[in-house]
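Structural description and commentary
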Amino acid sequence: MHTPSPTRAGRADSSPRARHVLRVTVLGSGSRGNAVLIDGSEGSVLVDAGFGPRALCSRLLAVGRHPEEIHAVLLTHEHIDHAAGAAAASARWGWSVHATAETLRALGDTDSGLPAHTHSLAATGQTRLSGFAVEHHAVPHDAADCRALVLTDGRSGARVGV
């Protein structure tokens, strides 16, 4: 059994970072929007941002999180149900948006447009982001460059695939 580490105020800190494990929270999954919150020992990222900023904020608050706690968004592909809120959320909260170069190019052609803070995932190997090693693998889909993502926590080695 794990005993949470004490905080400065003497209360137990039960956050994922205190436990050094991964926590995966599905904020939404379906044709109306997709977003998955991944908390690791050093940071928190969203996989996909298929909801607008208001809905993302509401869904994060419903699970006890604040948008300012998110460091970045990883996009699996450019479809609206995965990327509709990426540009606006990036502008509002300063999130960096990470995707393959092909997905970023395709995203620039959508109504949502290209977010201000974009970064291309490494073409091969891993990208380091918010304490995670991020790998991506091509999966068949009717998108410019759809990717499955594998995130490995830098401290614990725990892994999750999305």
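Once a new chain begins, its residue numbering starts again from 1 and follows that chain's sequence as written. In view of the model being predicted, local features appear only for residues whose pLDDT reaches at least 70, and side-chain atom pairs are presented and counted only at 80 or more, with totals across whole chains, interfaces and linings using the full set of residues. Heavy atoms from the whole structure form the basis of all side-chain values; hydrogens and water molecules are not counted.

Some remarks on the overall build of the protein chain
The cut-off we apply is this: Segments assigned H or I by DSSP are reported as helices when at least four residues long, segments assigned E as strands when at least two residues long, and all are numbered from the N terminus. The criterion used for residue contact is that any of the two residues' heavy atoms lie within 4.5 Å. Each accessible area is a Shrake-Rupley result for a 1.4 Å probe, and residues are judged covered by the shown protein chains and nothing else.
Summing up its helical and strand segments, the protein chain has 5 helices and 12 strands in all. Within the protein chain, residue pairs in contact and separated by at least 24 positions form 51% of the contacts whose partners lie at least 6 positions apart. Split by element, the accessible area of the protein chain, about 8100 Å² in all, is 50% carbon and sulfur.

A short note on the environment of Ser130
Positionally, Ser130 belongs in the loop between strand E9 (127-129) and strand E10 (132-138). Separated by 24 residues in sequence, Ser130 and Gly154 have C-alpha atoms that sit 9.1 Å apart. Setting aside its immediate chain neighbours within four residues, Ser130 contacts Glu42, Gly43, Val45 and His71.

So, the pairing of strand E4 (residues 35-39)
A regular strand carries its side chains on alternate faces of the sheet. Heads up, the rule is: For the exposure calls, accessible area comes from a 1.4 Å probe over protein chains only, and a residue counts as buried if that area is under 20% of its type's maximum, exposed if over 50%, partly exposed in between. When DSSP finds two or more bridges between a pair of strands, those strands are recorded as paired.
In terms of burial, E4 is a largely internal element, 5 of the 5 residues being buried. Residues of E4 alternate between two faces, with Ala35, Leu37 and Asp39 on one and Val36 and Ile38 on the opposite face, all of them buried. Here 5 bridges tie strand E3 (residues 23-28) to E4, and the two strands are oriented antiparallel to one another. Residue pairing across strands places Arg23 opposite Asp39, the latter belonging to E4. In textbook terms, the turn of a hairpin is the stretch between consecutive antiparallel strands, and for E3 and E4 this stretch comprises 6 residues, one of which, Gly30, has a positive phi near 160°. Linking E4 back to strand E5 (residues 44-47) in an antiparallel pair, the connection comprises 4 residues.

Considerations on the packing of helix H2 (residues 53-62) against helix H4 (residues 86-93)
The condition is simple: To get an axis, fit a line to the C-alpha atoms, keeping to the stretch in contact for a helix; angles then go from 0 to 180 degrees between the N-to-C directions. Roughly parallel refers to an angle under 35 degrees, roughly antiparallel to one over 145, roughly perpendicular to one between 65 and 115, and oblique to any angle outside these ranges. Amino acids are sorted into nonpolar (Ala, Val, Leu, Ile, Met, Phe, Trp, Tyr, Cys and Pro), charged (Asp, Glu, Lys and Arg) and polar (every other residue, Gly among them).
Where H2 contacts H4, the two axes come as close as 9 Å, and the packing angle between them is 70°. With respect to their mutual orientation, H2 and H4 come out roughly perpendicular. In this structure, H2 contributes Pro53, Arg54, Leu56 and Cys57 to the contact, and H4 contributes Ala88, Ala89, Arg92 and Trp93. Considered class by class, the residues forming the contact of H2 with H4 number 6 nonpolar, no polar and 2 charged.

Comments concerning the environment of Ala87
Looking at where Ala87 falls in the secondary structure, it is placed in helix H4. Residue Ala87 is classed as buried on the basis of its relative accessible area of 16%. Between the C-alpha atoms of Ala87 and Val97, which are 10 residues apart in sequence, the distance is 8.2 Å.

Quick notes on the packing of aromatic side chains
To be explicit about the condition: Centres within 6.5 Å are what make two rings of Phe, Tyr or Trp a pair, Trp counting through its six-membered ring; a difference in plane orientation under 30 degrees is then read as stacked, over 60 as edge-to-face, and the rest as tilted. Throughout this description, the term charge over a ring refers to an Arg CZ or Lys NZ atom that lies within 6 Å of the ring centre and within 35 degrees of the ring normal.
Tallying each qualifying case throughout the model produces 1 aromatic pair. Taking NZ or CZ as reference, Arg59 lies 3.9 Å from the ring centre of Phe51, over its face.

A look at the pattern of salt bridges
Test applied: The working definition used for a salt bridge is a side-chain nitrogen of Lys or Arg within 4 Å of a carboxyl oxygen of Asp or Glu.
Evaluated as defined, the whole model comprises 7 salt bridges. In this structure, Arg23 and Asp39 form a salt bridge, with 3.4 Å as the shortest nitrogen-oxygen distance. Residue Arg23 is found in strand E3, and its partner Asp39 is found in strand E4; the two are separated by 16 residues along the sequence. Judged by relative accessible area, which is 30%, Arg23 ranks as partly exposed. Accessibility expressed as a relative area gives 1% for Asp39, which makes it buried. With its nearest N and O atoms 3.1 Å apart, the salt bridge here joins Asp145 to Arg147. Of the two residues examined, Asp145 and Arg147, each falls in the buried class. It is possible to trace a salt-bridge network through shared partners that takes in Arg23, Asp39, Arg65 and Glu69.

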